[in-house]
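# Descriptive analysis of the structure
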Amino acid sequence: MEMNGAPTKSKSRLVPVGTWLLPTCLLCAYGFFANLRPSEPFLTPYLLGPDKNLTERQVFNEIYPVWTYSYLALLFPVFLATDYLRYKPVIVLQGASLIISWFMLLYAQGTLALQFLEFFYGIATATEVAYYSYIYSMVEPSLYQKVTSYCRTATLTGFTVGSIVGQLLVSLANWSLFSLNVISLTCVSVAFATACFLPMPTKSLFFHQNLLYPGDKEMYISDKIQVDSNDYALANTTEAEEIESRIALNSEIRSESDVKNCSPKNSNDLQSVLKTFRKYFLHCYSSRTLVCWSAWWALSTCGYCQVVNYAQGLWEQVAPSSHSDIYNGSVEAASTLLGAVAVFAVGYINTSWSTWGELLLAFFSVILTITVYIMDTIRNIWVCYVSYVFFRSIYMLLITIATFQIAANLSMECYALVFGVNTFIALLLQTFLTLIVVDSVGLGLDIFTQFKIYAGYFTAISLIFFYEWTLPCTEKMQKAANYGLIIGSLK
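Treat the numbers as computed from the prediction; the structure is a model and nothing was measured.

## Regarding the overall build of the chain
Secondary structure assignment for the chain yields 20 helices and two strands. Classification of the 491 residues of the chain by burial places 52% in the buried group. The contacts in the chain between residues at least 6 apart in sequence include a share of 84% that link residues at least 24 apart. As presented, the chain carries roughly 22,700 Å² of accessible surface, and 66% of it is formed by carbon and sulfur atoms.

See below:
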């Protein structure tokens, strides 16, 4: 790397194993046990069965929507609280919320009580940001990739093992669904106990910054990259598009005044934090390429969550658990494993995402539409299962590509902010969709009609990105230039 014409050598130093191994192992153990919930693939049959004796309208139109609303309402306050409290207390809160959720799932009765259960589960879901952010405050940036893979593997393994164990106990040992919930309560209790032993971080992104070390990875996006529309018109459009996609969004060297303004003595003021948050936000979304991938992330995640949340309800309608065997655990495990294989394959895909990315997003969105439509129209449980497996696998593949495209041009800290904003937008869209389509306050549609709407939703996503791909390259570059000018005027 060269700076001001003079070559500089990157510093590499061996990080002592003891400084990162303990918190990483404890966090992985927490993630494994928190996701080791054998009863989760069988939640809908359990609520509709003799243990709770609820109606389909109560479950789908009155109870399940509460999770979406509470998740949305809590996401931003929890994000700020996570940073202010420095992660660990919020992870402990997540463990406690999971315990309360499964305790109520065992013993609570009636619609109102289970709506409160969904609220506590919304707390547990909103606090996931602490789990995925904690480790970055405890390890050196050189270890980010390694510890991230460990933590995500732990959660994936926990969910897969839980699904397989649940299916085996139901199909072979003939265990009741109530017993599966007892096992889930035990596992989340172990996770809560593990969280209590996590070391307490000394810094965070906004409230407790530690920016006075010259070796820290820079978090700001370059202000010095200016886009001139005339340059785009003169340059080769394909090459310009490639360059725009490869611009490093975290390349600015922070000045001494920046460090002073973000110093710990100022970082605890809420107004200062919100001002810093705004600056980070404008910097992170200063690239049209990043906005494009973020838009697909938010739009598709909204539809994905709706399909996954209500898939068990669809299966229950196609093949009621009271009259046939259920294999929900096997399906969830298979979809997770196939998704993991697809994610692994991403590393071997060699293509120009700046050129073909929008077309591929449109194409795979069409496939997502087809899988959802098949689930809805062909009333065969095995066809539903296979379609669901393909649906989840394709989504995991695409969201991994989107994550890579976004993270490639951002520091880990800025990536966490983009992740939070994209998730918030997805939840906002999901809330509107739930309120209109699912909630009894809105249309309160039946499950089959809901899935027709979800298929149409993914069709709309595919049309949006296909239209963007068909635009002439010069028009894309002009739009990128105009977008850059708009963002620049807001800074």
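On we go.
## Looking at the pattern of salt bridges
Applying the stated criterion across every chain yields a total of three salt bridges. Salt-bridge contacts for E40 lead to R37; the nearest nitrogen and oxygen are separated by 2.6 Å. E40 sits in the partly exposed class, given a relative accessible area of 21%. A residue is classified by how much of its surface remains accessible, and R37, at 9% relative accessible area, is buried. Residues E332 and R392 are paired through a salt bridge, measuring 3.0 Å at the closest nitrogen-oxygen approach. Of this pair, E332 sits in helix α15 (residues 328-346) while R392 sits in helix α17 (residues 381-407), and the two are 60 residues apart along the sequence. The same class applies to E332 and to R392, which are both buried.

## Structural notes on the nonpolar core
In terms of nonpolar packing, the biggest core is built from 119 residues, with W296 and V372 touching the most fellow members. A domain-level breakdown of this core finds at least three residues from each of domain 1 (17-203) and domain 2 (270-490). Excluding residues that lie within four positions of it along the chain, V372 makes contacts with V307, F391, F451, Y454, A455 and F458.

## Focus: the packing of aromatic side chains
In total, this model carries 20 aromatic pairs according to the counting rule given. Considering the side-chain rings of W67 and Y71, the 5.3 Å spacing of their centres and the 50° angle between planes classify their relative orientation as tilted. Of this pair, W67 and Y71 both sit in helix α3 (residues 56-85), four residues apart, which is roughly one turn of the helix. The two residues W67 and Y71 agree in class, both being buried. Aromatic pair Y304 and F391: ring centres 5.8 Å apart, planes at 15°, arrangement stacked.

## Quick word on the environment of L428
Structurally, L428 is set in helix α18 (residues 412-438). Separated by 355 residues in the primary sequence, L428 and A73 place their C-alpha atoms 9.4 Å from one another.

## Quick notes on unusual backbone geometry
At N53, a position not held by glycine, the phi torsion is positive, near 55°. With respect to the element layout, N53 can be found in the loop between α2 (43-48) and α3. According to the relative accessible area criterion, N53 is exposed, its value standing at 61%. Of note, R86 is a non-glycine position whose phi angle comes to about 65°, a positive value. When you line up the elements, R86 lands in the loop between α3 and α4 (88-107). A relative accessible area of 26% places R86 in the partly exposed class.

## As for a nonpolar patch on the surface
Taken together, the side chains of F76, L274, F424, I425, L428, L429, F432, L435, I436, V441 and L443 present a nonpolar region at the surface, about 960 Å² in accessible area. When residues in the nonpolar patch are grouped by element, the largest group, seven residues, is from α18. Structurally, I425 can be placed in helix α18.

## What to know about helix α14 (residues 288-318)
With 31 residues, α14 ought to run about 45 Å at 1.5 Å a step, and its terminal C-alpha atoms sit 43 Å apart, in line with that. Along α14, the largest kink reaches about 45° and is centred on Y310. Counted residue by residue, α14 has 25 buried out of 31 residues, so it is predominantly covered.

## Examining α4
The first and last C-alpha atoms of α4 sit 29 Å apart over 20 residues, in line with the 28 Å expected at 1.5 Å per residue. Regarding α4, the residues found buried are K88, V90, I91, Q94, G95, S97, L98, S101, W102, M104, L105 and L106.

## As for the confidence of the model for the chain
The share of residues in the chain with pLDDT of 70 or more is 74%, and the mean pLDDT across the chain is 78. When mean pLDDT is taken per element in the chain, helix α8 (residues 177-195) scores highest with 96 and helix α10 (residues 237-246) scores lowest with 35. The model gives residues 1-15 a pLDDT under 50, and that stretch makes ten contacts with residues more than four places away or in other chains. A low-confidence stretch, residues 211-267 stays under pLDDT 50, and its non-local contacts, those more than four residues away or across chains, total 96 contacts.

## Overview of the side chain of N422
On the secondary structure map, N422 appears in helix α18. In this structure the side chain of N422 is engaged in a polar contact, spanning 3.3 Å, whose partner is the side chain of S294. Discounting residues that sit within four places of it in the chain, N422 has contacts with Y285, S294, W297, A298 and I406.

## A few points about the packing of α14 against helix α19 (residues 447-470)
In the contact formed by α14 and α19, the axes pass within 9 Å of each other and the chain directions differ by 160°. The orientation of α14 with respect to α19, classified from their angle, is roughly antiparallel. Note on packing geometry: the crossing formed by α14 with α19 is left-handed. Class assignment of the residues belonging to the contact of α14 with α19 gives a composition of 19 nonpolar, six polar and two charged.

## As for the side chain of Q167
You can see Q167 is positioned in helix α7 (residues 144-171). A relative accessible area of 6% places Q167 in the buried class. The contact partners of Q167, leaving out residues within four places of it in the chain, are F42, L172, I326, Y327, N328, G329 and S330.

Reading guide: rules and limits
- Residues numbered from 1 in each chain as written.
- Predicted model: local features only at pLDDT ≥ 70, side-chain atom pairs only at ≥ 80, totals over all residues.
- Heavy atoms only, no water.
- Helix = DSSP H or I, 4+ residues; strand = E, 2+ residues; numbered from the N terminus.
- Buried < 20%, exposed > 50% of the residue type's maximum accessible area, 1.4 Å probe, protein only.
- Contact = heavy atoms within 4.5 Å.
- Areas by Shrake-Rupley, 256 points an atom, 1.4 Å probe, with all protein chains shown as cover.
- Salt bridge = Lys/Arg side-chain N within 4 Å of Asp/Glu carboxyl O.
- Core = buried A, V, L, I, M, F, W, Y, C linked by side-chain atoms within 4.5 Å.
- Domains from an automatic or database assignment.
- Phe/Tyr/Trp six-rings, centres within 6.5 Å; stacked < 30°, edge-to-face > 60°.
- Patch = residues over 30% accessible without salt bridge, like charges linked within 9 Å, V, L, I, M, F, W, Y side chains within 5 Å.
- Expected span 1.5 Å × (residues − 1).
- Bend = angle between axes of the 7 residues up to and from the residue.
- pLDDT = per-residue confidence, 0-100.
- Polar contact = N/O pair within 3.5 Å; in protein donor to acceptor, adjacent residues only side chain to side chain.
- Axes fitted to C-alpha atoms, helices over the stretch in contact; angles between N-to-C directions.
- Parallel < 35°, antiparallel > 145°, perpendicular 65-115°, else oblique.
- Left-handed = near helix turned anticlockwise from the far one by under 90°.
- Nonpolar A, V, L, I, M, F, W, Y, C, P; charged D, E, K, R; others polar.

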